[in-house]
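Chains, contacts and geometry: an overview
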Amino acid sequence: MKRLALALTCATLFAALPAHAQFQKPEDAIKYRKGAFTVMAAHFGRIGAMAQGKVPFDAAAAQSNAEIVATLSRLPFTAFVEGTDKGETRAKPEIWTDAAKFKEGSQAMIDAVGKLNAAAKTGNLDQIKAAFGDAGKTCKACHDNFRKE
């Protein structure tokens, strides 16, 4: 797991490069952000299953998944670049027309999953449940405001 975390950290560092340099075509950026959101959702869902009692609580698994979610949370937002409002995307125009609100929502999610990661490191299920709920609210808010159904 530590190697995976290291690999994800390295990926985050590479993602910090200027977005235009990362993507040759708009569809590359769309695929990138979709992929990041998909992997992040899978790991977030694993924590949710534990928080909801659908699977037995495993503190180590919760911690590992929360760390992955926290690392991935910064990746998709570099891919909301010019020209990615068209094509195979559910991104609403408001992402670009109200960029400040979108940035605020994305930062709220990043902060909330950071708190989820901190809660997971305690191994306390009640703290994880509370932080999971807060993080989920930030996801929902962004989906409600910026994602087409």
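Residues numbered from 1 in each chain as written. Predicted model: local features only at pLDDT ≥ 70, side-chain atom pairs only at ≥ 80, totals over all residues. Heavy atoms only, no water.

1. Brief notes about the environment of C139
Quick reminder of the rule: Counting from the N terminus, the helices are DSSP H or I runs at least four residues long and the strands are E runs at least two residues long.
Inspection of the secondary structure assignment puts C139 in helix 7 (residues 125-146). Considered as a pair, C139 and S106 are 33 residues apart in the sequence and their alpha carbons are 8.6 Å apart.

2. Structural notes on the UniProt feature "binding site: heme c" (unreviewed entry) in the protein
Test applied: UniProt positions are given in the numbering used here, feature names are shortened, and annotations may be inferred rather than shown by experiment. Burial classification: accessible surface area is computed with a 1.4 Å probe over protein chains only, and a residue below 20% of its type maximum counts as buried, one above 50% as exposed, and the rest as partly exposed. Throughout, a residue-residue contact means that at least one pair of heavy atoms, one from each residue, lies within 4.5 Å.
UniProt tags C139, C142 and H143 as "binding site: heme c" (unreviewed entry). As for its placement among the helices and strands, C142 is situated in helix 7. Looking at C142, the relative accessible area reads 15%, which means it is buried. Ignoring any residue separated from it by four or fewer positions in sequence, one finds C142 in contact with F102 and R147. Residue H143 is classed as partly exposed on the basis of its relative accessible area of 34%.

3. What about the packing of helix 6 (residues 99-122) against helix 7?
Worth spelling out the cut-off: Lines are fitted to the C-alpha atoms to define the axes, a helix being fitted only along its stretch in contact, and any angle between axes, read from their N-to-C directions, falls within 0 to 180 degrees. Any angle from 65 to 115 degrees is called roughly perpendicular, while one under 35 is roughly parallel, one over 145 is roughly antiparallel, and all others are oblique. Left-handed describes a crossing whose near helix is turned anticlockwise from the far helix through less than a right angle; right-handed describes the clockwise counterpart. Under the scheme applied here, ten amino acids are nonpolar (Ala, Val, Leu, Ile, Met, Phe, Trp, Tyr, Cys and Pro), four are charged (Asp, Glu, Lys and Arg), and all others, including Gly, are polar.
Running from amino to carboxyl end, helix 6 crosses helix 7 at an angle of 165°, the nearest separation of the two axes being 8 Å. When the interaxial angle is binned, helix 6 and helix 7 end up roughly antiparallel. Crossing geometry of helix 6 relative to helix 7 is assigned as left-handed. For the pair formed by helix 6 and helix 7, the contact residues are K101, F102, A108, M109, A112, V113, K115, L116, A119, A120 and T122 on the first element and Q127, I128, A131, F132, D134, A135, T138, C139, C142, N145 and F146 on the second. Here the residues of the contact of helix 6 with helix 7 are counted per class, giving 15 nonpolar, 4 polar and 3 charged.

4. Description of the side chain of S106
Inclusion rule: The definition of a polar contact used here is a pair of N or O atoms within 3.5 Å, where within protein one atom must be able to donate a hydrogen and the other to accept one, and adjacent residues in sequence count solely through side-chain atom pairs.
Counting through the fold element by element, S106 comes out in helix 6. Given a relative accessible area of 7%, S106 falls into the buried group. Within the structure, S106 has its side chain in polar contact with the backbone oxygen of K103 (distance 2.9 Å).

5. A word on the nonpolar core
Inclusion rule: In this text, buried Ala, Val, Leu, Ile, Met, Phe, Trp, Tyr and Cys residues form a nonpolar core when linked through side-chain atoms within 4.5 Å.
Within the largest apolar cluster, 30 residues are counted, with the highest numbers of intra-cluster contacts made by F102, L116 and I128. If you list the elements that add at least two residues to this core, you get helix 3 (26-51), helix 4 (59-72), helix 6 and helix 7. Examining the composition of this core, we find that 8 residues originate from one element, helix 6, more than from any other. When near neighbours in sequence (up to four residues on either side) are disregarded, L116 contacts F44, I47, A66, I128, A131 and F132.

6. A word on the packing of aromatic side chains
Pairs of aromatic rings are described using the distance from one ring centre to the other and the angle between the two planes. Defined as follows: Only the six-membered ring of Trp is used, alongside the rings of Phe and Tyr, when aromatic pairs are assigned; centres must lie within 6.5 Å, and planes under 30 degrees apart are stacked while those over 60 apart are edge-to-face, with the rest tilted.
Under the definition given, this model contains 9 aromatic pairs. Considering the side-chain rings of F37 and F77, the 5.8 Å spacing of their centres and the 80° angle between planes classify their relative orientation as edge-to-face. Of this pair, F37 sits in helix 3 while F77 sits in the loop between helix 4 and helix 5 (94-97), placing them 40 residues apart in sequence. Residue classification places F37 among the partly exposed positions, given a relative accessible area of 32%. On the basis of relative accessibility, which here comes to 18%, the residue F77 falls in the buried class. Among the aromatic residues, those joined into a cluster by ring pairs are F37, F77, F80, W96, F102 and F146.

7. Details of the pattern of salt bridges
To be explicit about the condition: When a carboxyl oxygen of Asp or Glu is within 4 Å of a side-chain nitrogen of Lys or Arg, the pair counts as a salt bridge.
Taken as a whole and judged by the stated rule, the model has 2 salt bridges. In this structure, the salt-bridge partner of D85 is K86, at a minimum N-O distance of 3.1 Å. With a closest N to O distance of 2.6 Å, K140 and D144 form a salt bridge. Residue K140 and its partner D144 are located together in helix 7, separated by 4 residues, close to a single helical turn.

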